[in-house]
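What follows is each chain in one-letter form.
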Amino acid sequence: GAVVSQHPSWVICKSGTSVKIECRSLDFQATTMFWYRQFPKQSLMLMATSNEGSKATYEQGVEKDKFLINHASLTLSTLTVTSAHPEDSSFYICSARPTSGKITRPSTDTQYFGPGTRLTVL
Amino acid sequence: KNQVEQSPQSLIILEGKNCTLQCNYTVSPFSNLRWYKQDTGRGPVSLTIMTFSENTKSNGRYTATLDADTKQSSLHITASQLSDSASYICVVSENTGFQKLVFGTGTRLLVSP
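Residues numbered from 1 in each chain as written. Chains lettered and ligands numbered in written order. Predicted model: local features only at pLDDT ≥ 70, side-chain atom pairs only at ≥ 80, totals over all residues. Heavy atoms only, no water.

A.B. asks: Any details on the overall build of chain A? Residues and values, ideally.
C.D. replies: Scanning chain A for helices and strands turns up zero helices and 13 strands. Against the 2.2 N^0.38 benchmark of 14 Å for 122 residues, chain A shows a C-alpha radius of gyration of 14 Å, consistent with a compact globule. Counting only C-alpha atoms, chain A reaches 45 × 25 × 20 Å along its principal axes. The proportion of buried residues among the 122 residues of chain A is 49%. Pairs at least 24 apart in sequence give 59% of the contacts found in chain A among residues at least 6 apart. For chain A, the separation between the mean place of its 12 positive charges and that of its 9 negative charges on side chains is 4 Å. (Helix = DSSP H or I, 4+ residues; strand = E, 2+ residues; numbered from the N terminus. Rg over C-alpha atoms; globule rule 2.2 N^0.38 Å. Buried < 20%, exposed > 50% of the residue type's maximum accessible area, 1.4 Å probe, protein only. Contact = heavy atoms within 4.5 Å. Lys, Arg positive; Asp, Glu negative; His and termini not counted. Charge placed at Lys NZ, Arg CZ, Asp CG, Glu CD.)

What follows is the structure in structure tokens.
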């Protein structure tokens, strides 16, 4: 239980285009999802906290107009990288914190991570 | 400033040997501490989670310890296997509304045959 999926797993795009990454909680509902970015040999850096039905909360230094987050349902959050540039190339990971669901004893204190999306901007 | 520091940065051991990874933190207020394993190109997978009152937690060949007084934790891997090659990340959760996670920089472990 507590599976989080991301799609796509790998995307290559041209500079100036927009890319959408999906994060889904497959067997539980998640009011809160998180988006992280990870550069090579570095740890995860929180970009924003996504709350279902409300605006995302962005960390300092993260441009909200560039990284658009939509959390329209309790099982889906999307991150859109707008007008992508080569410096946006990174590994993007989402996580979801359960609020309720079918899995046994879902831990509302735990974030379950997705497998990540590798973005390469040419 | 809330920080999590891990050592060593990287480690190479022979298959079958044991190893111990270290984690020091300054996060306050403290909620819990987790160790994650992250394979290259994959998302982190939880190994153990410990709250303030727990001193040790095991998950198969992985054993984590926590000393809340000194704010130190360790992850001991017994009888290492090639599949243990990965980054191991220590993550401390703040005891606030959003339970914000503070990530360590990780230890990159390579198990050599």
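A.B. asks: An account of unusual backbone geometry is needed here, citing residue identities and associated values.
C.D. replies: A cis amide bond links A:H7 to the next residue, A:P8, at an omega of 0 degrees. You can see A:P8 is positioned in the loop between β1 (4-7) and β2 (10-13). Even without being glycine, A:K41 reaches a positive phi, approximately 60 degrees. With respect to the helices and strands, the residue A:K41 is situated in the loop between β5 (32-38) and β6 (45-51). Residue A:K41 is classed as exposed on the basis of its relative accessible area, which comes to 72%. The backbone of B:K71 sits at a positive phi, close to 60 degrees, despite the residue not being glycine. Structurally, B:K71 can be placed in the loop between β7 (62-67) and β8 (72-77).

A.B. asks: Describe the interface of chain B and chain A, with residues and values.
C.D. replies: With 18 residues of chain B at the contact, the number on the chain A side is 21 residues. Buried area between chain B and chain A, both sides added, is near 1500 Å², and the carbon and sulfur share of it is 54%. Where chain B touches chain A, the interface holds one salt bridge. A:E59 is the salt-bridge partner of B:K100, the closest N and O atoms lying 3.3 Å from each other. Where the side of chain B that touches chain A is concerned, the elements lending two or more residues are β4 (30-38) and β10 (101-103) of chain B. (Buried area = accessible area lost by both parts, 1.4 Å probe. Salt bridge = Lys/Arg side-chain N within 4 Å of Asp/Glu carboxyl O.)

A.B. asks: For the confidence of the model for chain B, give the residues involved together with the corresponding values.
C.D. replies: In the predicted model, chain B carries a mean pLDDT of 93, and the fraction of residues at 70 or more is 98%. Taken element by element, the predicted model of chain B shows its lowest mean pLDDT in β10(B) (90) and its highest in β8(B) (98). (pLDDT = per-residue confidence, 0-100.)

A.B. asks: Requested: an account of the sheet that holds strand β9 (residues 76-81) of chain A, with residues and values cited.
C.D. replies: All names here are of chain A. Read from one edge of the open sheet, four strands run β1-β3-β9-β8, paired in antiparallel fashion. On the outer flanks of this sheet lie β1 and β8 (67-73), each paired with one strand and no other. The sheet shows a mean angle of 15 degrees between the axes of neighbouring strands, taken without regard to direction. In the sheet, β1 pairs with strand β3 (residues 19-25) via four bridges, with the strands oriented antiparallel. Bridge pairing links Q6 to C23 in β3. (Pairing = 2+ DSSP bridges. Axes fitted to C-alpha atoms, helices over the stretch in contact; angles between N-to-C directions.)

A.B. asks: Explain a nonpolar patch on the surface to me, and be specific about the residues and the numbers.
C.D. replies: Residues A:W10, A:I12 and A:L122 make up a contiguous nonpolar surface patch of roughly 400 Å² in combined accessible area. With respect to the helices and strands, A:I12 occurs in strand β2. (Patch = residues over 30% accessible without salt bridge, like charges linked within 9 Å, V, L, I, M, F, W, Y side chains within 5 Å. Areas by Shrake-Rupley, 256 points an atom, 1.4 Å probe, with all protein chains shown as cover.)

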